[in-house]
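A closer look at the structure
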Amino acid sequence: MTDNTAPDRTDDLSLADGRTAVLRLPSEIPPGRDVPAVVLLHPFGAWDRDAFLPAEASGNGPVRLFDDVGAALVRAGIAAAAFDTRFLSEDRRDGAGSPRFTFTGLVDDAVRVVEQTRAHPDVDSGRVLLLGVSMGAEVALAAAERLGGDSHLAVVAPSAEARPVFQRWMGLDRRLEWLSAGGFADADGTVDLAAAKADEKGRSGWWEEFDLVDRFGPTVDLELLRAELAWEYDTWEQQALVNGDESAPASFWRDWFAQPAPYRRLAGITGRMTIHVGGEDWTTPPRQAHLLHHAALAQGLRSELTIHPRLGHLMSARSAEGWRTYGPFDPAFLRALVESVDAVLRPGPSL
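Figured I'd write up the structure that's included with this text. (Residues numbered from 1 in each chain as written. Predicted model: local features only at pLDDT ≥ 70, side-chain atom pairs only at ≥ 80, totals over all residues. Heavy atoms only, no water.)

A short note on the environment of Val22
Threshold: The helix and strand labels rest on DSSP assignments: H or I over at least four residues marks a helix, E over at least two residues marks a strand, and numbering proceeds from the N terminus. We call two residues contacting when some pair of their heavy atoms lies within 4.5 Å.
Relative to the helices and strands, Val22 resides in strand E2 (residues 20-25). Remark: the alpha-carbon pair of Val22 and Ala258, spanning 236 residues in sequence, is separated by 30 Å. Filtering out sequence-adjacent residues up to four positions away, Val22 remains in contact with Thr10, Asp11, Asp12, Arg49, Ala80, Ala81 and Ala82.

Shown next, in the form of structure tokens:
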């Protein structure tokens, strides 16, 4: 993990309901000068401002993803603002969720932090960038659309399609894709579930529980499996929209499903964007980044896409034993990310 012990300054920024964001600034800013800044936006889930993951979740020791990227930005002379996600601060209300516990609420926070960061006396108000990871990429695009004006954006592991379309792929099609790509489906339509279950390293990091052998036996017909998984996904979707699930309440799922496709938001955005995705990302695969990049260019944005070989969804490589990990950020990726952020924020033509 990055050594983040170098001294720097921190200032609190006001959010709603007494919450705060923390703006991390370079330790020395010459009088009369100001610095560019980045607002860090989390992936889906209960993340604190440092984006902390315990060892059992990362698979690679305890990590603090936003602490790492914040430190790297400050070393490059760029301020970094971060805050706790509403998944930590809001009441789930037994699965119903509060009116504040929504995707739109996350966008509200992002817009507020951008406005507060722009108003800070040591920040160049014209050079504040939204940096979102996974779901945070969607939040960044929605916030940029609402803020208006020329945007500075960095998106990591983004999705581009509408949430109902993309969520169905997440819950159904990627499993079938993996079974076929892994060679577990024969030409006659028979799927070798026993062999797929044995390939724990191959499917690590994306299939949370492989219970198909218990449900269907060692082999199953592909068409039957497709039908059963579709029913399973549709049941989950209905329950999530009515009652929520363990990952988020119904208020969040209903609002998130109602949002337009992220790539369609680009029609209302101008400015510059850098896109990063891992070549082994099975959660938001490179096809999503390609779609977002293509749409950005078609809408006249200055956009650059970088695909990082051998990295997964949270931009970390597999362990030496071949298991998927979730952090820390790969050092080469972190350097490339900071360099691309600097290029997007640089005055005048860039990228």
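A few points about the pattern of salt bridges
Let me state the cut-off plainly: Each reported salt bridge corresponds to a side-chain nitrogen of Lys or Arg within 4 Å of a carboxyl oxygen of Asp or Glu. Buried, partly exposed and exposed residues are distinguished by accessible area as a fraction of the type maximum, computed with a 1.4 Å probe on protein chains only: under 20%, between the cut-offs, and over 50%, respectively.
One pass over the structure, following the stated rule, counts 18 salt bridges. Across the salt bridge formed by Arg100 and Glu90, the nearest N and O atoms sit 2.9 Å from each other. Of this pair, Arg100 sits in the loop between helix H3 (86-89) and helix H4 (103-119) while Glu90 sits in the loop between H3 and H4, and the two are ten residues apart along the sequence. A relative accessible area of 24% places Arg100 in the partly exposed class.

Focus on the environment of Gln116
With respect to the helices and strands, Gln116 occurs in helix H4. Counting along the chain gives 101 residues from Gln116 to Leu15, while the straight-line C-alpha distance between them is 8.6 Å. Beyond its immediate chain neighbours, meaning those up to four positions away, Gln116 contacts Leu13 and Ser14.

Digging into unusual backbone geometry
Following Gly327, the chain continues into Pro328 via a peptide bond in cis, with omega recorded as 0 degrees. Mapped onto the elements of the fold, Pro328 is located in the loop between strand E12 (302-308) and helix H14 (331-345). Despite not being glycine, Ala51 has its phi angle at roughly 55 degrees, a positive value. In this structure, Ala51 sits in the loop between strand E3 (35-41) and strand E4 (52-53). Note on Ala51: relative accessible area 1%, which makes it buried.

Considerations on helix H2 (residues 65-75)
Counted residue by residue, H2 has ten buried out of eleven residues, so it is predominantly covered. For H2, the set of buried residues is Leu65, Phe66, Asp67, Asp68, Val69, Gly70, Ala71, Ala72, Leu73 and Val74. Among the structural elements, E2, E3, strand E5 (63-64), strand E6 (79-82), strand E7 (123-133) and H14 are those in contact with the buried residues of H2.

A few points about the packing of aromatic side chains
Spelled out, the test is: Each pair of aromatic rings taken from Phe, Tyr and Trp, with Trp reduced to its six-membered ring, is defined by centres within 6.5 Å and is described as stacked if the planes are under 30 degrees apart, edge-to-face if over 60, and tilted in the remaining cases. Only when the NZ atom of a Lys or the CZ atom of an Arg is both within 6 Å of the ring centre and within 35 degrees of the ring normal do we say a charge sits over the ring.
Considering all chains together, one arrives at 17 aromatic pairs under this definition. Relative to Phe252, the ring of Phe101 has its centre 6.2 Å away and its plane inclined at 70 degrees; by these criteria the two rings are edge-to-face. Linking Phe101 in the loop between H3 and H4 with Phe252 in helix H11 (residues 250-257), this pair joins segments that are 151 residues apart in sequence. When the centroid spacing of 5.5 Å and the interplanar angle of 35 degrees are considered together, the rings of Tyr233 and Trp236 count as tilted. Remark: Trp236 and Tyr233 occur in helix H10 (residues 222-243); sequence separation between them is three residues, near one turn of the helix. Given the relative accessible area of 21%, Trp236 is considered partly exposed. Here the basic side chain of Arg163 rests over the ring of Trp256, its NZ or CZ set 3.8 Å away from the ring centre.

With respect to the layout of surface pockets
In plain terms, the rule: Both site types are read off a 1 Å grid over the protein atoms alone. A 1.4 Å probe that fits but cannot get out defines a cavity, while an open set with protein on both sides within 12 Å along at least five of seven lines defines a pocket; lining residues have an atom within 4 Å of a point. Grid points are joined across faces, edges and corners, and a volume is the space filled by probe spheres set on the points. The nonpolar class holds Ala, Val, Leu, Ile, Met, Phe, Trp, Tyr, Cys and Pro. Asp, Glu, Lys and Arg form the charged class, and all remaining residues, Gly among them, are polar.
Size it by volume and the largest pocket reaches roughly 1,400 Å³. Elements with a contribution of two residues or more to the lining of the largest pocket: helix H5 (135-147), helix H6 (163-181), helix H9 (212-216), H10 and H11. In terms of residues, the lining of the largest pocket owes the most to one element, H6, which gives seven residues. Grouping the amino acids of the lining of the largest pocket by side-chain chemistry returns 20 nonpolar, nine polar and eleven charged. In this model, the second largest pocket occupies a volume close to 170 Å³. Taken together, Thr10, Val22, Arg24, Leu40, Arg49, Asp50, Phe66, Asp67, Gly70, Ala80 and Ala82 form the lining of the second largest pocket. Listed by contribution, the elements that provide at least two residues to the lining of the second largest pocket are E2, H2 and E6. Ranked by residues supplied to the lining of the second largest pocket, first place goes to H2 with three residues.

Quick look at the nonpolar core
Rules: Put simply, a nonpolar core is a bunch of buried Ala, Val, Leu, Ile, Met, Phe, Trp, Tyr and Cys residues held in one set by side-chain atoms that sit within 4.5 Å of each other.
Val39, Leu130, Phe252, Leu266 and Met273 are the most contacted members of the largest nonpolar core, which has 53 residues in total. With eight residues, the top contributor of residues to this core is H5. Non-local contacts of Leu130, meaning those with residues more than four positions away in its chain, are made with Val39, Leu41, Ala110, Val114, Ala140, Ala143, Ala144, Leu147, His152, Leu153 and Ala154. Counting 32 residues, the second largest nonpolar core, distinct from the first, contains Ala72, Leu73, Met315 and Val338.

Some words on the pairing of E6
It is a general feature of regular strands that their side chains alternate between the two faces of the sheet. Short version of the rule: Following DSSP output, two strands are said to pair if at least two bridges run between them.
Alternating positions in E6 separate into two faces, Ala79 and Ala81 on one and Ala80 and Ala82 on the other, with burial throughout. Taken together, the three bridges between E2 and E6 define a ladder with antiparallel strand orientation. Residue Arg24 lies in a different strand from E6, and its bridge partner there is Ala80. Across three bridges, E3 lies against E6 in parallel orientation. Bridge pairing links Val38 to Ala80 in E6.

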